[in-house]
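So you can see what is in the structure, the chains are spelled out below.
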Amino acid sequence: MKNFISFIVGLLFAMGLGYGGMTQPHIVRAFLDVFGQWNPALIGVMAGAIAVHGLVFQLFKHRKSPLLDRKVSPANEKRYR
Amino acid sequence: MSWRISFILGLLAGGLVLRIYFPHFFVLKTQAAWFDYLIAGLFVGFGTLLGNGCTSGHGVCGISRLSIRSILSTITFIGFGILGVLLFKLFRGDL
């Protein structure tokens, strides 16, 4: 199950990055060209990701374990406490 | 440990889906020499290791948790990214 979820996460991540323009260097470069011809498009990518993750984190941080697991893995224990 | 491999396989699968169904996300308007990419990759890898995280780790997960370390990390690497582009424009004409 863990492997399946990890696979889906990777799949979503890659597709999201592609859709957001991260696979095109000229878009990334334009975002960093703050003092020249700035393209703020990538702010949408980060803001969107933070919005989703922030919301989900607040909703789930007091849970005893992840949704699809029985207990929290040691690396994440501090986060769930 | 095997979930890490599954994650990478998922990434590759995502790339494949993009390639087949959305090839316009790979349209390149810039081109750099192969050693530029190599050096850039080495720096990204080393920096991510040193900082215990990257744009996704610190930038997304860290900031969502309101982690001071992550906010500082994000400001640092974005700041240096901006500086990098600035220096490239000054000394190499453009990327």
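Along each chain, residues carry numbers from 1 onward, in the same order as the chain's sequence is written. Chain letters start at A and ligand numbers start at 1, both assigned in the order the entries are written. Under the rules for a predicted model, residues below a pLDDT of 70 receive no local features and side-chain atom pairs below 80 are neither given nor counted, while totals for whole chains, interfaces and linings still include all residues. Only hydrogens and water are set aside when side-chain values are computed; all heavy atoms of the structure are taken into account.

### Regarding a nonpolar patch on the surface
Residues and elements named next belong to chain A.
Argument step 1. Together, Met1, Phe4, Ile5, Val9, Leu67 and Leu68 give the surface a local cluster of nonpolar side chains, amounting to about 630 Å² of exposed area.
Argument step 2. By secondary structure assignment, the location of Leu68 is in the loop between α3 (41–60) and α4 (77–80).
Argument step 3. Since its relative accessible area comes to 57%, Leu68 is described here as exposed. A residue counts toward a patch only above 30% relative accessible area and without a salt bridge, and it is joined to like-charged neighbours within 9 Å or, for Val, Leu, Ile, Met, Phe, Trp and Tyr, to nonpolar neighbours within 5 Å. Where accessible areas are quoted, they stem from the Shrake-Rupley method and a 1.4 Å probe; at the residue level, only the protein chains shown are allowed to cover. A carboxyl oxygen of Asp or Glu within 4 Å of a side-chain nitrogen of Lys or Arg is what we treat as a salt bridge. Under the DSSP-based scheme used, a helix requires at least four consecutive residues in state H or I and a strand at least two consecutive residues in state E, with every element numbered from the N terminus. When accessible area is computed with a 1.4 Å probe and restricted to protein chains, residues below 20% of their type maximum are described as buried, those above 50% as exposed, and intermediate ones as partly exposed.

### Some details on the packing of aromatic side chains
Argument step 1. Stacked, edge-to-face and tilted are the three classes for Phe, Tyr and Trp ring pairs, Trp counted by its six-membered ring, which pair at centre distances within 6.5 Å; planes under 30 degrees apart are stacked, over 60 edge-to-face, the rest tilted. Inspection of every chain in the model, using the stated rule, returns 5 aromatic pairs over all chains.
Argument step 2. Ring centres 5.7 Å apart and planes at 75 degrees place the aromatic pair Tyr19 of chain A and Phe25 of chain B in the edge-to-face group. Here Tyr19 of chain A, found in helix α1 (residues 2–20), pairs with Phe25 of chain B, found in the loop between α1 (2–21) and α2 (34–51), and the two come from separate chains.
Argument step 3. Residue classification places Phe25 of chain B among the buried positions, given a relative accessible area of 10%.
Argument step 4. An aromatic cluster of three or more residues is present, and its members are Tyr19 of chain A together with Phe22 and Phe25 of chain B.

### Here's the deal with the interface of chain A and chain B
Argument step 1. Contacts are assigned to residue pairs that have any heavy atoms within 4.5 Å of one another. At the interface, 30 residues of chain A touch 37 residues of chain B.
Argument step 2. Summed over both partners, the accessible area lost on bringing two parts together, with a 1.4 Å probe, is the buried area. Interface area, chain A with chain B, both sides summed: about 3000 Å², of which 73% is carbon and sulfur.
Argument step 3. Seen at the junction of chain A and chain B, the total is 1 salt bridge.
Argument step 4. With its nearest N and O atoms 2.8 Å apart, the salt bridge here joins Asp33 of chain A to Lys89 of chain B.
Argument step 5. Of all the elements in the fold, those that place two or more residues in the side of chain A that touches chain B are α1, α2 (25–32) and α3 of chain A.
Argument step 6. Examining the composition of the side of chain A that touches chain B, we find that 12 residues originate from one element, α1 of chain A, more than from any other.
Argument step 7. Residues belonging to the side of chain A that touches chain B are distributed by class as follows: 15 nonpolar, 11 polar and 4 charged. Note on residue categories: nonpolar means Ala, Val, Leu, Ile, Met, Phe, Trp, Tyr, Cys or Pro, charged means Asp, Glu, Lys or Arg, and polar means any other residue, Gly included.

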